[in-house]
Amino acid sequence: MLKAIYPGAFDPITKGHIFIAERAAQHFDEVVMAVLINPDKNPLFSMEERIEMISDALSHCPNVKVCGFDGLLVDFARKTDCSVIIRGLRALSDFEYEFQLAQMNRHLAPECETMFISTDAQYSYISSSAIKTAFQFGGGVKVKEFVPSLVYNRLQEKYSK
Ligand code: COA
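Residues numbered from 1 in each chain as written. Predicted model: local features only at pLDDT ≥ 70, side-chain atom pairs only at ≥ 80, totals over all residues. Heavy atoms only, no water.

Participant: Just to check I follow, could you spell out the nonpolar core for this structure?
Facilitator: A general trend in soluble globular proteins is that nonpolar side chains are found buried together. Formed by 37 residues in total, the largest nonpolar core has its most connected members in Y6, I13, M33, L58 and I86. If one sorts the elements of this core by residue count, helix 1 (residues 15-27) sits on top with six residues. Setting aside chain neighbours within four positions, we find M33 in contact with Y6, F10, I13, A21, I54, L58, V64, K65, V66 and C67. If you look at the next biggest cluster of nonpolar residues, it comprises twelve residues, including I5, V32, A34 and V74. (Core = buried A, V, L, I, M, F, W, Y, C linked by side-chain atoms within 4.5 Å. Buried < 20%, exposed > 50% of the residue type's maximum accessible area, 1.4 Å probe, protein only. Helix = DSSP H or I, 4+ residues; strand = E, 2+ residues; numbered from the N terminus. Contact = heavy atoms within 4.5 Å.)

Encoded structure:
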């Protein structure tokens, strides 16, 4: 059984992330979406909220599982028997950071392979922060196409308070 882990903050999940997860799900027996518990990042959504939104957005992919994690990614990959780390690449600007992360993870866990999936062009310039900023300043409706409907509703609830 070939298992891959797709880690991230997913605060919140966007259609860019969903595109990567769906592609990964076609190539692996199981894909574990690993949601980073990172108190330093001060996330907008709690872990439970992020997990619920990811599970809803990927309910059509039965081989995708969602879990929270803290500590080192490679330790969680070992714990969940994942031999491949999936990361999405949007543009060349992602490469340097991703390359450094992949090298460090290889140093920590040589048995674990990082594989990159390029995002779809229509999602190449979106990020969770950009979506949140648009909502914060009243431009939520303009970015509706980039997030699943549950995420859109949850963002509206957060920013209408
Ligand atoms: N579509 C849309 N947005 C995307 C995207 C895609 N395909 N791919 C990345 N992004 C965006 C995210 O939305 C996020 O945007 P934001 O900064 O505006 O929130 C940004 O790119 C960063 O992506 P994310 O995947 O959340 O990465 P991260 O840098 O926050 O976390 C981990 C990456 C979780 C893999 C890494 O921090 C980690 O492994 N942490 C655990 C500790 C560890 O083991 N460190 C490595 C060894 S020291």
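Participant: Would you mind showing me how to read the pairing of strand 4 (residues 84-89) here?
Facilitator: Look at any regular strand and the pattern is simple: side chains alternate between the two faces of the sheet. The element strand 4 is largely enclosed, with a buried count of five among its six residues. Two strands pair when backbone bridges link them, and strand 1 (residues 3-8) and strand 4 are joined in this way by two bridges, in the parallel orientation. Note on strand 4: the bridge partner recorded for I5 is I85. Strand direction decides the pairing type here: strand 4 and strand 5 (residues 113-118), joined by six bridges, are parallel. In the sheet register, R87 faces strand 5, and the bridge partner there is F116. Following the backbone out of strand 4, through helix 4 (residues 92-108) and into the adjacent parallel strand 5, one traces a crossover that is right-handed. (Pairing = 2+ DSSP bridges. Right-handed = clockwise from strand over helix to strand, strands pointing away.)

Participant: Before we go on, may I ask you to explain the side chain of T114 in this structure?
Facilitator: Residue position: T114 is located in strand 5. Setting aside anything within four residues of it in sequence, one finds T114 in contact with I85, R87 and A102.

In short, shape yes, function no, at least from these values alone.
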